[in-house]
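Observations on the model geometry
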Amino acid sequence: MSAQISQKHPTGLYVLFFAEMWERFSYYGMRAILLLFLLDSVRGGMAMNAAEAAAIYGLYTASVYLLTLPGGWLADNILGQKKAIWYGGIVIMLGHIILAVPGGSGLFFLGLTTVAVGTGLLKPNISSIVGELYPEGGARRDAAFSIFYMGINLGSFLGIAIVGYLGERISWHMGFGAAAVGMLLGLVVFRYGSARHLKGMGDVPPARIATAESDAKNGTNKKLGYAFIGALVVLLIVLQSSGVLDMTTAQGLAKGAGVIIVIISASYFLFILFAGGLTRVEQYRVVVLIILFLAIALFWAGYEQAGTSLQIFAERHTQRVIGGWEVPSSWFQNFQPTFVLLFAPVLASLWIYLSSKNLNPSIPVKFAAGLILLGLSFFVMVAASKIAVTGQLASPLFLTFTYFLHTIGELCVSPVGLSSYTKLAPKRYVSQLMGIWFVGASLGNLIAGIFAGGFDEENIMQMPGLFNQVAIITTVFGLILLVFWKPIKGWMGGIS
Ligand code: PHE
């Protein structure tokens, strides 16, 4: 296997690597200062309270990944991947340019929406073109995805460092402008690189062979789809008018979005489970996919607090002065990509070593490990916040260790989860289920935002309790997975 992995990769992979690196530079760079910008009331920020700011942050990051569903659909049916990536990148760049103009809240929300739409178009399609480069699948494709994941994290690292610094120390809009420049570089790489090295790939949308039967089926599906959307709208109206949710506030809107995402995913899973024409073995595999979906949403709900509650903790309660210089608080978010870059090779070798001894942990065990590590990281934050409530600044080592545990957890669930989704999904549902994997990320990001709403400046006494809740919920879910790993593995029907 290792001889195969060390074989040269096509140059196309590096084109995608650098294009995605710059896209992630712009995404994570802007995200690093987003919450600070929303909270700020002295440097021309939006002067929001913590609950409102975190809800908007959560809505934004959740929309980005939810929009990968229409983005994937457009590429599959109309544009083809290459055009989707190209136009997506242009739209992202325009979004950052709009954000770079200091022009009040209307322009700001327009900019955010534009970036989210563009990312929905680019992100799923750039990953699927990586897969297309290796039609034979196997170990080389896995290796290519690991290299690609390094590109993602290298981009995040540079983005957080540069955009974070410019935004926090020079001006918010200068930071947003730097994100636009990053995306421009990604577009240049993609334009020149793809013309030479991705010839004939992602040009035409995967052909759709329409037969009378599939047309009739499409008709019924369309009707079902309209009925479903109608039912969702009615539900939202009922929730609003009965006063259960107030969707005229950012927090209420975020909760409404959460209800929609949960209903869409649950209905989708129930639909393919009972009306998808699956065999018994496939049905059990879909049950495993549902369990992994819940686990990954919960995982991201904790992990993505890097941009919300943990960002607030870095800014307000962490000792950040080193040798007389105050480290920008957004730089703490850089521990995640840095640790990925350092430890991805270590974990990859660990899995290979364990496989050689026939001891490679099964997918449910890896997910359990990821959740338990995440849970432990929040117990570390409980200790840190107990110092903060006394009015003292906590040592930066707390956040460092927290992020270390996050990243080892991420490396247990994220790469493994993606490939297990492609393997466990019934063939004809693979791309839709890939979309659902992003919906898991979307839900997690939204929860991370809603949850951080509790981190109010005037209410810091509740901080240890809030972190404790995350710690307990994730650890317990992880332990349940660990206890039931054997039956879950059995349901995977021979796939490992
Ligand atoms: N760091 C990963 C990325 O930006 C996080 C992620 C994983 C996002 C899966 C969405 C889905 O690609």
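Structure first, text after, so check above.
Overview of the structure. (Residues numbered from 1 in each chain as written. Predicted model: local features only at pLDDT ≥ 70, side-chain atom pairs only at ≥ 80, totals over all residues. Heavy atoms only, no water.)

With respect to the helices, strands and loops of the structure, Gln319 is situated in the loop between α12 (309-317) and β1 (321-322). Excluding its chain neighbours within four sequence positions, the residues that come into contact with Gln319 are Leu393, Ala394 and Pro396. One polar contact links the side chain of Gln319 to the main-chain amide nitrogen of Val321, over a distance of 3.1 Å. (Helix = DSSP H or I, 4+ residues; strand = E, 2+ residues; numbered from the N terminus. Contact = heavy atoms within 4.5 Å. Polar contact = N/O pair within 3.5 Å; in protein donor to acceptor, adjacent residues only side chain to side chain.)

A few words now on the nonpolar core. Within the largest apolar cluster, 138 residues are counted, with the highest numbers of intra-cluster contacts made by Leu16, Tyr60, Phe313, Phe367, Tyr421, Leu433 and Phe467. Excluding anything up to four places from it in sequence, Phe313 contacts Thr318, Met381, Ala384, Ser385, Ala388, Ala394, Leu399, Met463 and Phe467. (Core = buried A, V, L, I, M, F, W, Y, C linked by side-chain atoms within 4.5 Å. Buried < 20%, exposed > 50% of the residue type's maximum accessible area, 1.4 Å probe, protein only.)

So, about the packing of aromatic side chains. Throughout the structure, instances matching the rule amount to 28 aromatic pairs. When the centroid spacing of 5.1 Å and the interplanar angle of 45° are considered together, the rings of Phe37 and Phe108 count as tilted. Taken together, the positions of Phe37 in helix α2 (residues 11-39) and Phe108 in helix α6 (residues 104-132) put the pair 71 residues apart, joining distant regions of the chain. Note on accessibility: Phe37 and Phe108 belong to one class, buried. A centroid spacing of 5.3 Å and a plane angle of 75° characterise the contact between Phe343 and Phe404, whose relative ring orientation is edge-to-face. (Phe/Tyr/Trp six-rings, centres within 6.5 Å; stacked < 30°, edge-to-face > 60°.)

Moving on: the pattern of salt bridges. Scanning the entire structure with this criterion turns up 7 salt bridges. A salt bridge links Glu304 to Arg31, with the nearest nitrogen and oxygen atoms 2.9 Å apart. A residue pair is termed long-range when its members are at least 10 positions apart, and Glu304 in the loop between α11 (280-303) and α12 and Arg31 in helix α2 qualify at 273 residues. What makes Glu304 buried here is its relative accessible area of 4%. Residue class for Arg31 comes out buried when judged on its relative accessible area of 2%. Connected through salt bridges with shared partners, the residues Glu20, Glu23, Arg24 and Lys123 form a single ionic network. (Salt bridge = Lys/Arg side-chain N within 4 Å of Asp/Glu carboxyl O.)

With 29 residues, α2 extends 43 Å from end C-alpha to end C-alpha; this agrees with the ideal 42 Å at 1.5 Å per step. Of all 29 residues in α2, 26 are buried, a share of seventy percent or more. (Expected span 1.5 Å × (residues − 1).)

Next up on the list: the layout of surface pockets. The volume enclosed by the second largest pocket comes to roughly 460 Å³. Every residue lining the second largest pocket is counted, 23 residues in all, and those nearest its centre are Leu36, Leu39, Asp40, Glu315 and Arg316. Of all elements in the fold, only α2, α7 (138-170) and α12 reach the threshold of two or more residues within the lining of the second largest pocket. Split into classes, the residues belonging to the lining of the second largest pocket amount to 9 nonpolar, 3 polar and 11 charged. (1 Å grid on protein atoms, 1.4 Å probe; cavity = no way out; pocket = protein on both sides within 12 Å on 5 of 7 lines; lining within 4 Å. Points joined across faces, edges and corners; volume = space filled by probe spheres on them. Nonpolar A, V, L, I, M, F, W, Y, C, P; charged D, E, K, R; others polar.)

It is worth spelling out the environment of Trp351 at this point. Among the structural elements, Trp351 can be located in helix α13 (residues 335-356). Setting aside residues no more than four positions away along its own chain, Trp351 makes contact with Asn360, Pro361, Lys366, Leu411 and Cys412.

The next point concerns unusual backbone geometry. The backbone phi angle of Ala47 is positive, close to 50°, even though this residue is not glycine. Topologically, Ala47 is positioned in the loop between α2 and α3 (50-66). Taking relative accessible area as the criterion, Ala47 reaches 47% and is therefore assigned partly exposed. One non-glycine residue with positive phi stands out, namely Asn358, at about 65°. Structurally, the position occupied by Asn358 is in the loop between α13 and α14 (363-388).

Looking now at the site of the ligand. The immediate surroundings of the ligand are formed by Arg24, Tyr28, Tyr65, Lys123, Tyr149, Ile152, Trp300, Phe438 and Ala441. The contact in question runs from an oxygen atom of the ligand to an N or O atom on the side chain of Lys123, over 2.6 Å. Within the complex, the protein chains bury 93% of what would otherwise be the 320 Å² of accessible surface of the ligand. Counting only elements with at least two residues in the shell around the ligand, the list comes to α2, α7 and α16 (430-452). The residue makeup of the shell around the ligand, split by class, is 7 nonpolar, no polar and 2 charged. (Near = heavy atom within 4 Å. Areas by Shrake-Rupley, 256 points an atom, 1.4 Å probe, with all protein chains shown as cover.)

With that out of the way, let us pick up the packing of helix α10 (residues 250-275) against α11. At a minimum axis separation of 10 Å, α10 and α11 run at an interaxial angle of 170°. As judged from the angle between their axes, α10 and α11 are roughly antiparallel. The two elements α10 and α11 cross, and the hand of that crossing is right-handed. Contact residues: Ser265, Phe269, Ile272 and Leu273 in α10; Gln283, Val286, Val287, Leu289, Ile290 and Phe293 in α11. (Axes fitted to C-alpha atoms, helices over the stretch in contact; angles between N-to-C directions. Parallel < 35°, antiparallel > 145°, perpendicular 65-115°, else oblique. Left-handed = near helix turned anticlockwise from the far one by under 90°.)

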